[in-house]
Every structure is written in structure tokens, then in C-alpha cells.
Amino acid sequence: MSVRITLATAARVLRQLRRDPRTLALVFLVPPVLITLFRYVFDSQPQTFDRVGGPMVGIFPFSTMFVVTSIAMLRERTTGTLERLMSLPLAKLDILLGYGIAFACVAATQASITSGVAFGLLGLDVQGPVWLVVLLAIANAILGMSLGLFFSAFARTEFQAVQFMPAVVFPQLLLCGLLQPRSHMAHALEVISYALPLTWAYDALAHAVSGRTGAVVVRDAAIVVGVAATALALGALTLRRRTG
Amino acid sequence: MLARVAAVEIEHLRVVRGGKVVLPDLSVRVERGTVTGLLAPSGSGKTTLMRSIVGVQRVAGGRVVVLGLGAGAPPLRRRVGYVTQAPSVYGDLTVRENLAYFARVLDVPPAHVDRALEIVDLAPLARRIVRTLSGGELSRTSLATALLGEPELLVLDEPTVGLDPLLRRDLWETFRRLAAGGTTLLVSSHVMDEADRCDRLLLLREGALLADETPASLRRRTRRETLDDAFLALVETA
């Protein structure tokens with residue numbers, strides 16, 4: 001493991017993203033636009049916007065980073081650059097952490113813009129501290145990145161990689177409690193929801209926006225980070241020095 | 001006399017890919033400081049052999065020793081340069097950004113970037129986004145990346161595909177110059193006039209070596225004037 005290579009990789013990934021302004025625009029503009037839509041869809045129920053809007057700010061980076069990472073990593077695999085990297089003196093962790101740092105920066109920017117719009121312009125009202133929402137958003141981004149990295153190993157084409165989004169992200173969105181409290185779901189779904197990382201990510205955000213910032217948020221965040229680390233370790237297993 | 005460690009020493013290499021035996025039992029030796037041409041019809045196991053030497057190919061049996069170490073051993077990652085047939089560089093970065101990144105990974109001084117650009121004659125295009133380059137420029141960028149760390153062994157898979165004759169000649173002069181400086185080169189090609197510029201030729205067909213000799217001895221043995229004819233004669237009698 002080398003700090004030099006990790007930082008060089010992070011800088012390289014960010015430079016690649018900067019060369020793709022359209023993707024950056026989508027990453028930074030779609031969440032505030034969606035949250036604005038959301039605000040006016042619930043125009044007559046501001047309390048619903050307050051309840052759901054805060055967690056949404058923190059969940060956008062999860063789905064964004066999942067897609068961006070799985071496609072970026074798929075490109076590394078299909079263009080042969082990953083094979084080249086694997087034949088060079090660097091550790092797998094250098095690549096993974098490099099990506100992690102780069103996407104954490106993107107996630108922090110995305111979450112700041114989205115919360116700026118939500119809290120500043122749309123009057124989203126939460127009891128908890130805004131910085132905690134942004135911090136949890138970054139943790140969720142890293143979770144999305146790790147899962148994207150892992151799932152990219154199972155996609156051969158970008159079409160397939162994009163389809164992992166509805167396959168992996170949507171069910172978690174449905175079951176995490178954002179749309180409906182989990183206790184109101186069919187019992188089997190509630191049980192399943194405990195096994196899904198986004199459930200804990202949402203739980204942390206829901207607690208944070210309702211002003212409960214104690215041990216429960218720390219526990220939820222620890223689960224999110226733990227799953228992210230596990231997915232990263234599994235992702236490392238899919239980066240192979242030797243292939244058939 | 002001091003016994004020199006060979007650049008590559010392969011004994012009974014066996015590789016199976018997707019249930020198909022690509023290399024059944026291959027033994028070969030490549031001396032240091034030479035340019036060895038690897039010639040083969042496509043699908044003969046050329047790339048598989050190169051990947052085995054670089055240590056990125058899963059092998060089913062045999063021994064591949066590179067510069068005295070097992071192929072793929074961590075210390076070799078600095079000492080062996082590999083250029084795949086498809087240019088493996090980042091399309092959305094400039095030529096220089098690509099090289100600068102790999103230079104950071106290899107921990108070589110930035111001056112090596114300029115030197116590598118000079119060697120492949122890409123200095124004027126250093127600021128171009130790689131995606132906008134022509135095929136030949138693209139493969140030269142990939143080659144420059146492999147030159148950064150001044151590797152002792154360069155494994156080049158079809159480095160001159162898509163290059164015009166002038167550039168091909170220049171590149172082969174570069175290869176000769178690198179070899180004169182002590183670098184070992186293993187170059188695959190399907191262009192026979194390039195084969196004539198090699199010290200030694202390996203002819204591979206269906207995973208087996210048909211020839212391992214100098215261009216001159218290959219001509220003598222097959223009693224053919226051109227390497228093209230010699231190659232065909234060997235393939236047809238095999």
C-alpha cells in the first residue's frame with residue numbers, strides 16, 4: 001500500500017470525471033432538481049417533505065456513486081487498464097482507496113449542493129444538524145461506491161452495469177423505510193430489510209434529521225461503514241492479478 | 001565464464017483457457033539483450049504465451065522463470081513492461097496525463113515522461129486527449145507507458161499494427177536501440193519484414209513451437225528466399 005499511488009489514483013479519477021462535464025452536471029444537478037420536484041409534489045403536505053426530504057439528501061449519493069463506480073470500474077476492466085495496473089507495482093487497495101477518495105469528494109460536493117438547495121431554497125426543516133446529514137451522505141456514497149465496485153465484476157457490458165441499478169438499488173429504496181415505515185410492511189419484507197445496508201443508512205439519516213444524534217446514529221453509521229468495508233474487501237477479490 | 005540468467009526460461013508450460021488447451025507443453029528460452037520475434041497465425045496462443053511471461057495468465061502447469069524469478073513475482077512488476085494488443089490507456093486523459101499517472105505509480109521521475117514521449121515521437125501530441133488520437137498514435141501512447149520504468153524486459157503484443165511504414169521503421173530502430181542498451185524485447189508480429197529485424201524468431205502454431213532460430217537459419221533450413229515463404233513452408237509441412 002502506498003499513499004503516493006492512492007493519491008495519484010484519486011487525482012486521476014477526478015481528472016477523468018472533470019473531462020466529462022455532462023456526467024458531472026447530471027451528478028450535481030439531478031438531485032437538487034428531484035428534491036425540488038419532491039417539494040412541490042408534496043406542496044400541500046410540508047410535513048411529508050420535512051420527513052422524507054432530509055433522508056433523500058443523504059441517499060442520492062448512494063445511487064449516484066453506485067452507477068458511476070460500476071461503470072468506471074467496468075471501463076477499467078474492458079479497456080485493459082486494470083490489467084495494466086495489475087501488472088504494475090501497486091496494491092489493490094491503492095486502486096480501491098484511490099477511487100474511494102475521489103468519489104467521496106464528489107459525494108461531498110453533491111450532498112452540499114443538494115442540502116444547500118433543500119435547506120436554503122426549499123425551506124426543508126430538520127431538527128438535527130445539517131453537517132451530520134452531509135457526513136452521512138458521504139458515508140452512503142462510499143457504500144454505493146463499494147457495492148458498485150463489487151457488482152461491476154458481474155457485468156460484461158455497460159448495459160448490464162446500468163441494469164444493476166434497478167436490481168440492486170431500487171429494492172433497497174423500497175424496503176429501507178423511506179416510502180413507508182418498515183413496521184407497516186409485510187412481515188417478511190421487514191425481516192429482509194434488516195439485511196439490506198440502505199435500511200441502516202436511512203435509519204441513521206432519519207434519526208439525524210429528527211434530532212436524535214446519539215448512539216443509535218453511531219450504530220447505524222457503523223453498520224453502513226462496515227458493509228462498505230466488506231464490499232470493498234469483496235471488490236478487492238474481484239481484482240485479479242492473474243486471469244484465465 | 002559467467003553463466004547469465006536468461007530473460008525468459010519456460011519449461012513445459014501448459015495453459016488451458018475456457019476448457020480449451022491453448023499451450024499443451026511449451027519450452028523455450030529467450031536470451032537477454034536480444035530482440036525476439038514471436039510469429040504466429042492468429043489463435044495460435046501468441047497472446048497467451050505473452051500473458052504467461054508477464055504473469056497475468058493463469059497457467060495449468062510448467063515453469064515460467066523471468067529474469068531469474070517466477071513470472072508475476074512482485075519484484076518483476078518494475079522490471080517487466082507489457083503492452084497489450086489493445087492500447088490500455090485512459091481515453092479521457094491527455095497523453096501526458098496518462099504517462100504522468102503511470103510514472104507516479106512506478107515512482108519514476110517526471111523526466112521519464114518526456115523521455116518516453118521522445119522515444120515514441122509523441123512529444124508534439126502530449127496535450128491531446130487520447131480518445132482523439134489515431135490508431136497508431138494510440139498504440140504509441142500505450143508503448144510509451146511501458147517504457148516509463150525502463151524495464152529490463154519488454155513484452156510487446158503487435159505494437160506496430162495500424163502504423164504506417166515510416167513509423168514502423170522508426171519504432172523498430174527504437175527497439176534495436178533499446179536492445180543495444182541491454183533491454184530484452186519480445187515482440188509479436190504478423191509482418192514478415194519485421195521478422196527480419198529480429199535476432200531470433202519463434203514460430204508458434206496451435207500452441208507448439210515450429211521454429212526457434214535466427215532469420216538466416218530459418219531461410220537456410222526451409223530453402224526459401226523470403227521469410228514469408230519460409231513461414232508458409234513450415235506451417236504447411238507441420
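For the structure itself, consult the block above.
Throughout what follows, the structure given in this document is the object of discussion. (Residues numbered from 1 in each chain as written. Chains lettered and ligands numbered in written order. Predicted model: local features only at pLDDT ≥ 70, side-chain atom pairs only at ≥ 80, totals over all residues.)

### Focus: the overall build of chain B
- A count of helical and extended segments in chain B gives nine helices and 10 strands.
- Computed over its C-alpha atoms, the radius of gyration of chain B comes to 18 Å, within 12% of the 18 Å expected for a compact globule of 238 residues.
- When burial is assessed residue by residue, chain B has 47% of its 238 residues classed as buried.
- For chain B, long-range pairs separated by at least 24 residues make up 67% of all intrachain contacts whose partners lie at least 6 apart in sequence. (Helix = DSSP H or I, 4+ residues; strand = E, 2+ residues; numbered from the N terminus. Rg over C-alpha atoms; globule rule 2.2 N^0.38 Å. Buried ≥ 20, exposed ≤ 12 C-beta atoms within 10 Å, placed from the backbone. Contact = placed C-beta atoms within 7 Å.)

### A short note on unusual backbone geometry
All names here are of chain B.
- Of note, the phi angle at L67 is positive, near 50°, even though the residue is not glycine.
- Among the structural elements, L67 can be located in the loop between β4 (61-66) and β5 (69-70).
- For D107, which is not a glycine, the phi torsion comes out positive at approximately 60°.
- Relative to the helices and strands, D107 is located in the loop between α3 (95-106) and α4 (111-119).
- Look at D107 and you get partly exposed, because 14 C-beta atoms sit within 10 Å.

### A closer look at the sheet that holds strand β1 (residues 8-17) of chain B
Residue and element names in this part refer to chain B.
- Taken together, four strands build an open sheet; the order of strands is β2-β1-β4-β5 and the sheet is antiparallel. What marks the edges here is a single partner per strand, and that holds for β2 (20-30) and β5.
- Across the sheet, helix α1 (residues 46-54) is in contact with β1, β2 and β4; its angle to β1 comes to roughly 120°. (Pairing = 2+ DSSP bridges. Axes fitted to C-alpha atoms, helices over the stretch in contact; angles between N-to-C directions.)

### A short note on the packing of helix α3 (residues 46-78) of chain A against helix α5 (residues 92-121) of chain A
All names here are of chain A.
- At a closest axis distance of 9 Å, the pairing of α3 and α5 adopts a crossing angle of 145°. Crossing geometry of α3 relative to α5 is assigned as right-handed. Across the interface between the two elements, G53, V57, G58, F60, P61, T64, M65 and T69 of α3 pack against Y99, F103, A107, Q110, A111, T114, S115 and A118 of α5.
- Looking at the contact of α3 with α5, its residues break down into nine nonpolar, seven polar and no charged. (Left-handed = near helix turned anticlockwise from the far one by under 90°. Nonpolar A, V, L, I, M, F, W, Y, C, P; charged D, E, K, R; others polar.)

### Focus on the packing of helix α1 (residues 3-18) of chain A against α3 of chain B
- Contact geometry of α1 of chain A with α3 of chain B gives a least axis separation of 9 Å together with a crossing angle of 160°. Between α1 of chain A and α3 of chain B, the interaxial angle falls into the category roughly antiparallel. Here the hand of the crossing between α1 of chain A and α3 of chain B comes out left-handed. On α3 of chain B, the residues that touch R4, I5, A8, R12 and R15 of chain A of α1 of chain A are E97, Y101, R104 and V105 of chain B.
- Looking at the contact of α1 of chain A with α3 of chain B, its residues break down into four nonpolar, no polar and five charged. (Parallel < 35°, antiparallel > 145°, perpendicular 65-115°, else oblique.)

### Focus on the interface of chain A and chain B
- Taken residue by residue, the interface counts 22 residues in chain A and 25 residues in chain B.
- Mapped onto the side of chain A that touches chain B, the elements with two or more residues apiece are α1 and α4 (81-86) of chain A.
- In terms of residue count, the dominant contributor to the side of chain A that touches chain B is α1 of chain A (six residues).
- Across the side of chain A that touches chain B, the residue classes tally to six nonpolar, seven polar and nine charged.

### Concerning the sheet that holds strand β3 (residues 35-39) of chain B
All names here are of chain B.
- An order of β6-β7-β8-β3-β9-β10 is seen for the six strands of this open sheet, with the pairing classed as mixed. Edge positions in the open sheet fall to β6 (80-83) and β10 (208-213), since each of these has one partner strand only. Sheet twist, expressed as the mean angle between neighbouring strand axes with direction ignored, is 15°.
- For β3 and strand β9 (residues 200-205), the ladder comprises four bridges, and the chain directions are parallel.

### Quick look at the pairing of β10 of chain B
All names here are of chain B.
- Pairing between β9 and β10: five bridges, direction antiparallel. Looking across to β10, one finds that L202 is bridged to D212.
- Linking two consecutive strands that pair antiparallel, namely β9 and β10, is a turn of two residues; a positive phi of about 50° is found at E206 within it.

### Some thoughts on the nonpolar core
- Among the nonpolar cores identified, the biggest contains 141 residues, and V133 and A201 of chain A together with I53, L99 and V155 of chain B are the most heavily contacted of them.
- The biggest single contributor to this core is helix α6 (residues 130-152) of chain A, with 16 residues.
- I53 of chain B has contacts with V8, V64, V66, A71, V155 and L186 of chain B, leaving out every residue within four places of it along the chain. (Core = buried A, V, L, I, M, F, W, Y, C linked by C-beta atoms within 7 Å.)

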